[in-house]
Structures are given as C-alpha cells and as structure tokens.
Amino acid sequence: MALNKDFLWGGATAANQCEGAYNKDGRGLANVDVIPHGSRRAAVMRGKDFIEKPEGGLYYPALEGIDFYNHYKEDIKLFSEMGFKTFRLSIAWTRIYPNGDDSKPNENGLKFYEDVFKECHKYGIEPLVTITHFDCPMHLIKEYGGWKNRKLIEFYKNLVTTLFTRYKGLVKYWLTFNEINMILHLPFLGAGLVFDNGENENEAKYLSAHHELVASAWATKIAHKIDSQNKVGCMLAAGEFYHFSPLPEDVWEAKSRERENLMFIDVQARGYYPNYAIKQFEHMGLNLNITEEDKKILKENPVDFISLSYYTSRCITTQEGVGEAIGNAFEGTKNPYLKSSEWGWQIDPLGLRITLNSLYDRYQKPLFIVENGLGAKDELIDDGRGSFTVNDDYRISYLRDHIKAFKQAVEEDGVELMGYTPWGCIDLVSASSGEMSKRYGFIYVDREDDGSGSLKRYKKKSFDWYKKVIETNGEDLD
Ligand code: BGP
C-alpha cells in the first residue's frame, strides 16, 4: 500500500516569522512584534519581561521577517515549481482586526490574504490556514490581559466568522491554534500572558488554555455552519515521551508529562476534559469557571482531524545528574542513543512513527504532520550557472528518514495521514531564537541574524530533491 494519491505534500510557514510589513495597510501591533532577538527574548516569551513597543535599541526580527508580504507571488511560484499540493500559512490577527476588539475588519488585511489564497489556487495549491500561530493583538493584552480574559472567546469568534465568511470557497483546511500546548511553556507567545509578581501562574495558564479550547470548539462549529466543506483541525507540539530508565518513577513521570500535553487534544478530539485533568485542577486548587455552556460546546464540536509538529521525541527521568536536552521549549533529559542538531534538538525519525501510532491509537482521527524539519546553518555557494545554491545533504537526509518513518506508519501500521508540510519551506525567522541562521527551507533567503541582506531567494539542493519526492508521491527518496 502506498500513500493516497491525494496525499497533501507541501510546506509550512507562519505570518509572524515571514510576513514582515508589521505596520503596513492598517495592521495593528501584536505580541510577536515585541519579542526581540537576543538576551531578553526567552524572558519575554515566558511572560516574565514585557516590552510594550518595538524600541529601546533592540532588534525585533518579526517586523520585517523575510518580507513575504511583498514577495508572496515569487514565493508561491517557487512552491508550485516543487509541486506543492498545499501551503500552510497563518493569518495575522492584527491585519484583520488591528486591535482585536474592533467593530469592523480591516479591508486591506482581508484583501491581502484573499490575494494570497487566489495565488495559491492559480497553481492548484490548497491553502492550509492556521488561524492563530502565536499571535495576539497587543491591545487585547494591555486592555484585557490576553487569553486569561474570557472576553477573548468573543473576539476570536468574531475573527473566525469573518474569515470563514470571506474565504468560503478559497480555504477549506483550518487549524485553530498552533501548538496549543505551548501555552504552558511560552505563555506570552502562546496566549499573550504577562505575569505580575506573585500571580498564580498555573491558574492563568490553565484558564487561558480553557478559553482557547472553548474558542477552538466555537470555531469548529462556526466553520461547519458556514461551509460544510470546511475541515477543522487542532495542532499539537508532539513528540513521544520516553522514560529514561525502567524505574517505575521514571515511567510515571513520563506518563504525567505526556498527559500534560495530550490533555489539550483529549478535549479537542473527544470533546471533554479527561478525569485525570479534572483531578489535577482540583489538586492544584484552580478555579477555571468551566460553565455548562462550555461543556456543551466542547462536547458537540470535536475537531475533524489532528495536526501536529514533530521535531524530536522527549526523554524523561526523575534521576539527578543526567544531561539535559533542549528542544522546542520542552525540558527533558538527553537521550544517549540519539544524535543532535546544531541547536541541540535530538534527531529521532523512528520517534515520529511511534508518535503517529500513539496519537492514532488514542483518537482514531486522521492525522496531519504540519511541521517537521531540521534547523541548520547553510552556506551559500556559487552554483556554476551564474547563481547560488546550498548543498544541504544534511537536510535531505533528515527529511528522507522522517518521510520513511511516516510512510511506515501509514503503509505498515495503518495510520490515516492526510499530508506532510515540512516547517519553514522557505527560510524564515526562528521562533525560539529569533535567528535567520537557523534555516529549515528548500529555498534560501539572503537575510542575516542582524537583519542585513538582499532578501533574494535561491534554490537549495533539497529543492530539486523534494520536487522529485512529491512527483513520485514519496516513492523516490534518493
Ligand atoms: C514550532 C513553531 C514554529 C517553528 C518551529 C521551529 O514550535 O510552531 O513556529 O518556529 O517550532 O522552531 P524554531 O523556529 O525555534 O527552530
């Protein structure tokens, strides 16, 4: 059995990491605009430091991104050359509603995405749209406290109603919140949370999570009502939790960490909070004010499919003195059997097969890998034909191994998989570090960590390789 012939091959981006043009055509300011490159970045993303406006002699890489706003035609044409069937992008909320609570949407913003979607369709590329990829209007943060305020559910309902109505017939695949579980790790990035001294941070995070979960269920309901063709997915920062040793305490800790993440998908896919979560909220003394109406809306509107990002598995121990691993904002232990990327993210293709199987066993809903890839430093070299390229065999090898792994999950294990959109199909700003030099793309963008560079695009070696992979529906991976 091979992959379905309508398997959705493509690539993924997010507005805040590629669009730039942060103050053009009526766009409002968002949390993602005030996250600087450099030493304050991590604290800002965690809600422990706050910058109100992009100033103060710091560099804010999202403000210009890779200027996709002005290059989208050229970029989509390059995606079409690779044979993309789908292109994942996100909407910047503040292009549509600059303050988040405005009574009318911004026509310029609506028109921009309409043009982008039409450009995709010109080449037979189906847009896959993340409604919220780490962005929240600054006005909602300052006036309402971000997602910890229940009112954000109403503002989000407004946003999605506008999107589903305007883009009916142009978009049918939607994701409600990117990596919804990131709220627990990088709460300013995930939910616009800034903590006051002495604030109950756990309550703020879980309260915000509840509001996002309810908002997500509303989005599913509204999407289906406006167009029965719409398919709505949730999105998990995934990666199997391994226990470092057979010590029962390690096994239990790994299970607990897995539940902390899967709780979100349990609610979005099954429609209710699992008992372990309810007990946990009780033990933590949290008051989430979960109403009967919330329960009803969650119950009646589970997602159609489950999407995930996968970069690495996680290894967990309760023992002291075992090395730490870094990866996608999740703390863990270094797995001695795995190699690491230049940024210390451990590489585990079989972990992808394991993760897909676990998710499918648990939910029996179609899965969609909407992020995966290797962040690496690239060297631009003369291609001998008057242009430049990158010999990124390391990237090809990473992607090949992961494609083999998900094909095994489909072909040998029977997992239902809708598609694969590797992250940063065109180089863009790194979410964790704010660097340009952490590159994922098939297309090189001439831009440096300090924002210098011509923004010219060049095809890497992986560009032709991926084209062949798509052409053969994943049969030829050499
Ligand atoms: C995920 C995010 C993406 C992306 C990716 C790679 O967590 O959804 O936005 O950035 O990770 O991470 P990084 O950019 O830090 O290398």
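Higher on the page you've got the structure.
Residues numbered from 1 in each chain as written. Predicted model: local features only at pLDDT ≥ 70, side-chain atom pairs only at ≥ 80, totals over all residues. Heavy atoms only, no water.

Chemist: Would you take a moment to explain the overall build of the chain for this structure?
Modeler: Of regular secondary structure, the chain possesses 15 helices and 18 strands. Against the globule reference of 23 Å for 478 residues, the chain gives a C-alpha radius of gyration of 21 Å, in line with a compact fold. Scored against the burial criterion, the 478 residues of the chain give a buried share of 61%. When the accessible area of the chain is evaluated, it comes to approximately 18700 Å², of which 48% is carbon and sulfur surface. Of the charged side chains in the chain, 59 are positive and 71 negative; the average position of the first set lies 4 Å away from that of the second. (Helix = DSSP H or I, 4+ residues; strand = E, 2+ residues; numbered from the N terminus. Rg over C-alpha atoms; globule rule 2.2 N^0.38 Å. Buried < 20%, exposed > 50% of the residue type's maximum accessible area, 1.4 Å probe, protein only. Areas by Shrake-Rupley, 256 points an atom, 1.4 Å probe, with all protein chains shown as cover. Lys, Arg positive; Asp, Glu negative; His and termini not counted. Charge placed at Lys NZ, Arg CZ, Asp CG, Glu CD.)

Chemist: Please explain the environment of S432 as it appears in this structure.
Modeler: On the secondary structure map, S432 appears in the loop between β16 (417-420) and β17 (443-445). Remark: the alpha-carbon pair of S432 and S39, spanning 393 residues in sequence, is separated by 12 Å. If we skip the residues at most four places from it in the chain, S432 touches R41, M45, W345 and K438. (Contact = heavy atoms within 4.5 Å.)

Chemist: What is the right way to look at the packing of helix α9 (residues 201-226) against helix α10 (residues 248-270) in this model?
Modeler: Think of two packed helices as two axes; the pair is described by the angle between the axes and how far apart they sit. Relative to each other, α9 and α10 sit at 30°, their axes nearing to 10 Å. Relative to α10, the element α9 lies roughly parallel. Pair α9 / α10 crosses with right-handed handedness. Across the interface between the two elements, Y206, A209, L213 and S216 from α9 touch E260, M263, F264, V267 and Q268 from α10. (Axes fitted to C-alpha atoms, helices over the stretch in contact; angles between N-to-C directions. Parallel < 35°, antiparallel > 145°, perpendicular 65-115°, else oblique. Left-handed = near helix turned anticlockwise from the far one by under 90°.)

Chemist: Is there a simple way to explain the side chain of T162 in this structure?
Modeler: Looking at the element boundaries, T162 is found in helix α7 (residues 151-166). Setting aside residues up to four positions removed in sequence, T162 forms contacts with I96, Y97, P105 and L110.

Chemist: For this particular structure, what's the right way to read the site of the ligand?
Modeler: Within the structure, the ligand sits among 16 residues, and E179, A431, S432, K438 and Y440 are positioned closest to it. H133 is positioned with one of its side-chain polar atoms (N or O) 2.9 Å from an oxygen atom of the ligand. Residues that form the shell around the ligand fall into these classes: 7 nonpolar, 6 polar and 3 charged. (Near = heavy atom within 4 Å. Polar contact = N/O pair within 3.5 Å; in protein donor to acceptor, adjacent residues only side chain to side chain. Nonpolar A, V, L, I, M, F, W, Y, C, P; charged D, E, K, R; others polar.)

Chemist: Please clarify how the sheet that holds strand β4 (residues 173-177) should be interpreted in this entry.
Modeler: Where strands meet in a sheet, backbone hydrogen bonds hold them as pairs that are either parallel or antiparallel. Pairing in this closed barrel of 8 strands is parallel, and the strands run β1-β2-β3-β4-β5-β7-β13-β16 around the ring. Between one strand and the next, the sheet's axes are offset by a mean angle of 30°, whatever the strand orientation. The pairing of β4 with strand β5 (residues 231-238) spans 3 bridges and is classified as parallel. The partner of L175 across the bridge, within β5, is G233. Helix α5 (residues 107-122) rests against β2 (86-90) and β3 (126-132) of the sheet, and its axis sits at about 150° to β3. Packing against the sheet, α10 makes contact with β4, β5 and β7 (305-310), and its axis sits at approximately 170° to β5. (Pairing = 2+ DSSP bridges.)

Chemist: Would you mind going over the packing of aromatic side chains with me for this structure?
Modeler: Think of a pair of aromatic rings as described by two things: how far the centres are apart, and how the planes are tilted against each other in angle. A complete count under the given rule lists 32 aromatic pairs for this structure. The positively charged end of K157 is found above the aromatic ring belonging to W218, 3.5 Å away from the centroid. Positioned above the aromatic ring of Y444, the side-chain terminus of R439 is 4.0 Å from the ring centre. (Phe/Tyr/Trp six-rings, centres within 6.5 Å; stacked < 30°, edge-to-face > 60°. Lys NZ or Arg CZ within 6 Å of the ring centre and 35° of its normal.)

Chemist: I tried to follow unusual backbone geometry on my own but got confused; where do I start?
Modeler: Residues apart from glycine generally show negative phi values, whereas peptide bonds are mostly found in trans. A positive phi angle, near 40°, is found at E179, a position not held by glycine. Note on placement: E179 falls in the loop between β4 and α8 (187-191). The phi dihedral of N289 is positive, around 50°, even though this residue is not glycine.

Chemist: Looking at this structure, how should I read the nonpolar core?
Modeler: Proteins that are soluble and globular tend to have nonpolar side chains buried together. Of all hydrophobic cores here, the largest spans 147 residues; its most connected members are Y167 and F406. The dominant element in this core, judged by the number of residues it contributes, is α9, at 12 residues. Leaving out residues up to four positions away in the same chain, F406 has contacts with L3, F7, W9, L352, L356, I369, L417 and Y420. Core analysis: the second largest hydrophobic core is formed by 9 residues, L128, F305, F368 and V370 among them. (Core = buried A, V, L, I, M, F, W, Y, C linked by side-chain atoms within 4.5 Å.)

Chemist: How do you make sense of the pairing of strand β13 (residues 367-371) when you look at a structure like this?
Modeler: In the case of a regular strand, side chains alternate between the two sheet surfaces. Within β13, 5 of the 5 residues are buried, leaving the element largely enclosed by the surrounding structure. Relative to β13, β7 is paired through 4 bridges, and the arrangement is parallel. Paired with S309 across the bridge in β13 is E371. Across 2 bridges, the pairing between β13 and β16 is parallel.

Chemist: I'm lost on the pattern of salt bridges in this one. Help?
Modeler: Side-chain pairing between opposite charges can occur once the charged atoms of the two side chains come close. If you walk through the whole model with that rule in mind, you get 34 salt bridges. With its nearest N and O atoms 2.8 Å apart, the salt bridge here joins D427 to K460. Remark: K460 occurs in the loop between β18 (457-459) and α15 (461-471) and D427 occurs in the loop between β16 and β17; sequence separation between them is 33 residues. For D427, a relative accessible area of 0% translates into the label buried. K460 gets classed as buried once you look at its relative accessible area, which sits at 1%. (Salt bridge = Lys/Arg side-chain N within 4 Å of Asp/Glu carboxyl O.)

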